[in-house]
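These are the residues of each chain, in order.
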Amino acid sequence: SSDESSKLADSAAAFKENYPMAYSSKRKGKTYFGALSFRTKMTATFPVLAYGALRYFKTGYMKKFYTDDYPRASLSILSTFLIISTLLDLAWDPTLAALTDGTRTVCGRDYGRRKPFLFVASFIVCLFYCLAFAPPVSLSANAQRDSEIWYIENGNSGEKAPIFNSIAAAVWFGIFHILVKVVADATQDIPHGALLVELTPDGKERTNVWSWMEFWGCIGILSGMSLPLLGESNCASSAETGCYEYLFIALGLGLLFMVSNLHLCWHVKERPTKNLVDEAEGFVPSIVGCLSNYPFFILLLSDVVEGFGANLPLLVLPYVVDWIVGKEAAEDFVGSVGMLTALGAGVHMLVRVPMNFFWRWAAGRFGKYRTYMAYELLYGCHMFLFLFVSKGTALLGVILCGTWGMAYAGHWLLYDLVSDVADYDELLTGQRREGQLTMARELVPKICEIPADALPFLLMGYYGYNPDLLEQNESVKWVIKGSISVLPGTAGLLGTFALCFFTLRKKDQHEKIIRGLQRHQAGLVTTDPLTGLRLPPIKREAGAVEFEGSTIGRDQVILLDHFFASEVSWAHHSGDLGKLKVKPVIFLVLSLLLGIPGFWFTLEGWASLSEGHSSIAPVGIILIGFAAIGFLFSLARLRQALRAPRIISKKDLEVMVAIHQSRGRIPGGIKALDEDQAPQPTTKVALPETTSVAANVVEKPTIHVPVTESEGPKSTKASL
C-alpha cells in the first residue's frame, strides 16, 4: 500500500541517520549504503596500536620488574592481587557495559554513548599505566632498612643483610594493577568495541574495520615486545641502578594513545541518542539478555578457544624452550634461551600481520561464517603439532611458532560475527546493546584464562618442577607440552563443533535482518530470517513495552527481564509465580557449596603461597570468586522472584510469553508466510474471566492474534 511504502521510506531515511559516518557507494555495479572513508577506518582503529603496546608491555615486563628490580615486591601478595583483579573485572564489566549502552546525555548534551567513556579513557589509561611503572623507591628502601635492623637485632654482623621482599611495593602494584585492568582497560575496551560495531551496517565494511583493528593491534604488540629492551639493563634485575626507562616508555606510549583516542572522539560521530530506547539494563538483565540470544550464545561457546588458546601458549613458551627444546639447543641456535623465546614470539607476531589480510580476503570470498569455522578447525589441529617438539628441535619450534601465527591471525573474525549478531539482537529486542555484547564476548576469555593460566603451573609444581635442576622429570615435561598443544588444540576443536549450531551463516540473512530493522522502525511486522517466525515489533517507551496492542509496565519489564524465557513460560503455564524462585534458589545453594572447597583450598595453601612456593591457594581464590559472582547473580534474581506476586499479573506473563515465543526462545511461535511481510490486521480474542496472579482482582485479558485471509478463523483458533 502507499501508506506502507511511505512508512518504509521514512524508516529507511531514519535508519541511515543512525550511521552518520557511513555513506552510499557502489560495489560491483550495485548501490549500497554503509561505505566508510579510509580516514574513518584509520581514525577508529589506530588507537589500538599504542593501547596494544601498553598492554603487552605491562603483561610481559611489569611483574618481573616488580619482583627482580628495585621494588622487590612480595611475590605472594603480588600473585594474590593478580587473581583478585580478574575477579573484580568479571563483576565490573557487565555494569560498565550497561552504563555505556544506557548513556543518553552528558550535562544535557548528546555526545553519544561511547565517546564520553573513550574521552575519560584517553587520560586514565595514560595516567594509570605510568604510575604502575613508577613505584616510589622509599617503599622498597624502607623494607630493606627494616631488614637490616632485624638482621642486627638478631646478633648478626659482618655481612650484608639479606634483601627482604617489600609488601608496600606489592600493594602499590596491586592498586594500580586493579586500576589499570578493572577501570582503565574496561573503560576503553567495551565502549571502543561497541563503537566499531555501529560504524556501519554493511557486513563487508565491518570486516575491513575489524581487520584494520587486528593489524594495528599486532603492530602494537610487536612494539610492546621490542621497546622495553631499551631499558632492560636497568629495569630487569639490577635493583641498585634504579629504573626510569620503563616509566618513560609507558609515558611515550600513553601520550600517543591519548592523542589518537582524543582524535577519534573528535572525528567519529555516533548515532543520535534520540533514536534509542531511554532505559539501560542492570547487571542481571544484561547477562540474561546476552545468553538469550541463541547465535551469540553459540559464539560464546566457540570463544572458549580465545581463553585457552590466546594466553596460555605464550605463557608456557619460555618453559617449552627451556625444558623441552633444551638450553644447549637454544644456545647453539641463537645464543641463549631468552633469544630463542623472543625469536619464536617475534616470528609468531610478524607472520600474523600479513596473514591478517589473507583472512580478510577469505571472509569476503567464502563468507564470514565459513572462514571463521576454518580458522577454528585449523587452529585446533595445528596446536597438536607442538607435541612433535622435543630436545634439540629449535628450528621446528620456530617454524611452528610461525604457522601458529598464520592460523591465529584469523581470531578477529569472531568480532566481525558479533557485529552482525548485534543487529539480530536489535531485531529481536528493539534495543541496541553493542556494549553488553562486547562485554560478554570478552568475558568468556577472561573466565577461561584464570584456570588456563593457573592450573598448568600448579600441576608443574605438583609433579616436582624445580628450576635448579638440569632436567625436569617426564611428568613435568608432559604438563608443559600439553599446555601448549593439547589444551588449546582441544579448545579449538570444541569451538569448531559449537559453530556447527550457529545459524547466522549467510550474507543474505544479514541483509534480511537490516530490512527487518527498517520494517520494525516503520511499525510493521517482519519475518525472522533465522527461524522463519512471524516477528512483530516491540515498542519501548519510558521503560514500558508494547507488543501487538498489549502493554507491560516499566517495573514489570525490569522484573521479568531477570528471568530466562523457560522460567517465565513455566510460571505462566503452571499459574504459579513461585516457580520463578526455583532456579535462583538452586544456583544460590550451588554457589555456596562451591565456596566451601574454595575456602578450604585457600586456607590450606596460604602458607605456601606466602613463601612463594607452588600452592593450591590460587585455585581456592578462583572458586571463591566464582561462588561470590554466582551468589550475587542468583540473589538478585531471587529478590525479584519474591517481588513478583505483588506486581506481576497473568496478563503480564501472557504478553511476555508471547514475546518469547515470537522470538523463538520457547515453542509456540507462528511461522511466517509471504503475507507476513506486509502489515497484518489483528483481532482481539476475549478470554473467559480469570483471576490475577498478583492479587484477587478479576480481569479480562486479551491476546492479539494475527489473522490472514488465507488462514481464516481456523488459524485464529489454532494460534490461540
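The model shown is predicted, which means the values in this text are computed figures rather than measured ones.

A word on the sheet that holds strand 5 (residues 538-541)
Within the open sheet, the three strands sit side by side as 5-6-7. Their pairing is antiparallel. Because the sheet does not close on itself, it has two edges, and the strands there are strand 5 and strand 7 (550-552). Strand-to-strand twist across the sheet, computed as the mean angle between neighbouring axes with direction ignored, equals 25°. By the bridge criterion, four bridges tie strand 5 to strand 6 (residues 544-547) in an arrangement that is antiparallel. Residue pairing for strand 6: Lys 539 is matched across the bridge by Glu 546.

Here we look at helix 22 (residues 507-521)
End to end, helix 22 covers 22 Å across 15 residues, agreeing with the expected 21 Å (1.5 Å per residue, within 8%). Those residues of helix 22 lying buried are Gln 509, His 510, Ile 513, Ile 514, Gly 516, Leu 517, Gln 518, Arg 519 and His 520. Looking at the buried side of helix 22, the elements it contacts are helix 1 (2-17), helix 8 (203-226), helix 18 (413-429), strand 3 (526-527) and strand 4 (534-535). Among the residues trailing helix 22, Gly 523 stands out with phi positive, at a value near 80°.

Some details on the packing of helix 14 (residues 312-333) against helix 20 (residues 474-484)
At a minimum axis distance of 9 Å, the contact between helix 14 and helix 20 shows a crossing angle of 140°. When the axis of helix 14 is compared with that of helix 20, the two are oblique. Considering only the axes of helix 14 and helix 20, their crossing is left-handed. Of the residues in helix 20, those in contact with Leu 312, Pro 313, Val 316, Leu 317, Tyr 319, Val 320, Trp 323 and Ile 324 of helix 14 are Lys 477, Ile 480, Lys 481, Ser 483 and Ile 484.

Considering the pattern of salt bridges
Should the charged atoms of two oppositely charged side chains come close, the side chains can pair. By the definition in use, this model includes 27 salt bridges. The salt bridge partner of Arg 432 is Glu 434, with a shortest N-O separation of 2.8 Å. Where Lys 477 meets Glu 471, a salt bridge forms, and the shortest distance between an N and an O atom there is 2.5 Å. Residue classification places Glu 471 among the partly exposed residues on the basis of a relative accessible area of 37%.

Considering the environment of Gly 217
Tracing the backbone through its elements, the reader meets Gly 217 in helix 8. Taking C-alpha positions, Gly 217 is 8.6 Å from Phe 46, a pair spaced 171 residues apart along the chain.

Let's talk about the nonpolar core
Among the nonpolar cores identified, the biggest contains 110 residues, and Leu 199, Phe 296, Leu 299 and Phe 502 are the most heavily contacted of them. The contacts of Leu 199, once residues within four sequence positions are left out, are Tyr 19, Met 21, Ala 22, Leu 36, Ala 44, Val 209 and Val 268. Among the nonpolar cores identified, the runner-up in size contains 34 residues, and Ala 73, Cys 130, Ala 170 and Cys 243 belong to it.

Some details on a nonpolar patch on the surface
Side chains of Trp 570, Val 582, Val 585, Ile 586, Phe 587, Val 589, Leu 590, Leu 593 and Ile 596 sit close together on the surface and give an oily, nonpolar patch of about 780 Å² of accessible area. Positionally, Leu 593 belongs in helix 25 (residues 582-610).

Regarding the state of the cysteines
Each disulfide consists of a covalent bond between the sulfur atoms of two cysteine residues. Under the criterion given, the structure shown has zero disulfides. Free of any disulfide, Cys 130 has its nearest neighbouring cysteine sulfur in Cys 126, separated by 4.3 Å.

Quick look at the environment of Lys 477
Along the chain, the position of Lys 477 falls in helix 20. The exposure class assigned to Lys 477 is buried, which follows from its relative accessible area of 15%. Along the chain, Lys 477 and Val 320 lie 157 residues apart, while their C-alpha atoms are 8.3 Å from each other. In this view, Lys 477 contacts Trp 323, Ile 324, Glu 471 and Gln 472; residues no more than four positions away in its chain are not counted.

Re the packing of aromatic side chains
For the structure shown, the criterion picks out 30 aromatic pairs. Taken together, a centroid distance of 6.2 Å and an interplanar angle of 85° make the contact between Trp 323 and Tyr 465 edge-to-face. Of this pair, Trp 323 sits in helix 14 while Tyr 465 sits in the loop between helix 19 (434-462) and helix 20, and the two are 142 residues apart along the sequence. These aromatic residues form a ring-pair network of at least three members: Phe 358, Trp 359, Trp 361, Phe 366, Tyr 372, Tyr 375, Tyr 379 and Tyr 408. The ring of Tyr 19 is capped by Arg 271, whose NZ or CZ atom sits 5.0 Å from the centre of that ring.

Thoughts on helix 11 (residues 283-291)
Among the nine residues of helix 11, seven are classified as buried, and the element is accordingly described as predominantly covered. Among all positions of helix 11, only Val 284, Pro 285, Ser 286, Ile 287, Val 288, Gly 289 and Cys 290 are buried.

Focus: the packing of helix 14 against helix 15 (residues 337-366)
The contact between helix 14 and helix 15 brings their axes to 8 Å, and the two run at 115°. As for the relative orientation of helix 14 and helix 15, their crossing is right-handed in sense. The residues of helix 15 that touch helix 14, namely those facing Leu 317, Pro 318, Val 321, Asp 322, Val 325, Lys 327, Ala 330 and Phe 333, are Val 337, Leu 340, Thr 341, Leu 343, Gly 344 and Ala 345. Residues belonging to the contact of helix 14 with helix 15 are distributed by class as follows: ten nonpolar, two polar and two charged.

So, a positive patch on the surface
Taken together, the side chains of Lys 28, Lys 30, Lys 204, Arg 365 and Lys 507 make up a positively charged region of the molecular surface. Its location among the elements puts Lys 30 in strand 2 (residues 30-35). According to the relative accessible area criterion, Lys 30 is exposed, its value standing at 63%.

Quick word on the confidence of the model for the chain
Close inspection of predicted coordinates is inappropriate for parts of the model with low pLDDT. Of all residues in the chain, 84% attain a pLDDT of 70 or more, and the chain-wide mean is 83. Here helix 28 (residues 712-719) stands out as the element of the chain with the lowest mean pLDDT, 34, in contrast to helix 2 (residues 38-45), whose mean of 96 is the highest. Contacts from residues 675-720, a stretch scored under 50 in pLDDT, to residues over four places away or in other chains number 85 contacts.

Notes on unusual backbone geometry
A positive phi angle, near 55°, is found at Lys 28, a position not held by glycine. For Lys 28, the position within the fold is in the loop between strand 1 (23-27) and strand 2. Classification of Lys 28 by relative accessible area gives exposed; the value is 81%. Not every positive phi belongs to a glycine, and Glu 548 is a case in point at roughly 50°. Classification of Glu 548 as buried rests on a relative accessible area of 19%.

Rules of the game
Residues numbered from 1 in each chain as written. Predicted model: local features only at pLDDT ≥ 70, side-chain atom pairs only at ≥ 80, totals over all residues. Heavy atoms only, no water. Pairing = 2+ DSSP bridges. Helix = DSSP H or I, 4+ residues; strand = E, 2+ residues; numbered from the N terminus. Axes fitted to C-alpha atoms, helices over the stretch in contact; angles between N-to-C directions. Expected span 1.5 Å × (residues − 1). Buried < 20%, exposed > 50% of the residue type's maximum accessible area, 1.4 Å probe, protein only. Contact = heavy atoms within 4.5 Å. Parallel < 35°, antiparallel > 145°, perpendicular 65-115°, else oblique. Left-handed = near helix turned anticlockwise from the far one by under 90°. Salt bridge = Lys/Arg side-chain N within 4 Å of Asp/Glu carboxyl O. Core = buried A, V, L, I, M, F, W, Y, C linked by side-chain atoms within 4.5 Å. Patch = residues over 30% accessible without salt bridge, like charges linked within 9 Å, V, L, I, M, F, W, Y side chains within 5 Å. Areas by Shrake-Rupley, 256 points an atom, 1.4 Å probe, with all protein chains shown as cover. Disulfide = S-S within 2.5 Å. Phe/Tyr/Trp six-rings, centres within 6.5 Å; stacked < 30°, edge-to-face > 60°. Lys NZ or Arg CZ within 6 Å of the ring centre and 35° of its normal. Nonpolar A, V, L, I, M, F, W, Y, C, P; charged D, E, K, R; others polar. Lys, Arg positive; Asp, Glu negative; His and termini not counted. Charge placed at Lys NZ, Arg CZ, Asp CG, Glu CD. pLDDT = per-residue confidence, 0-100.

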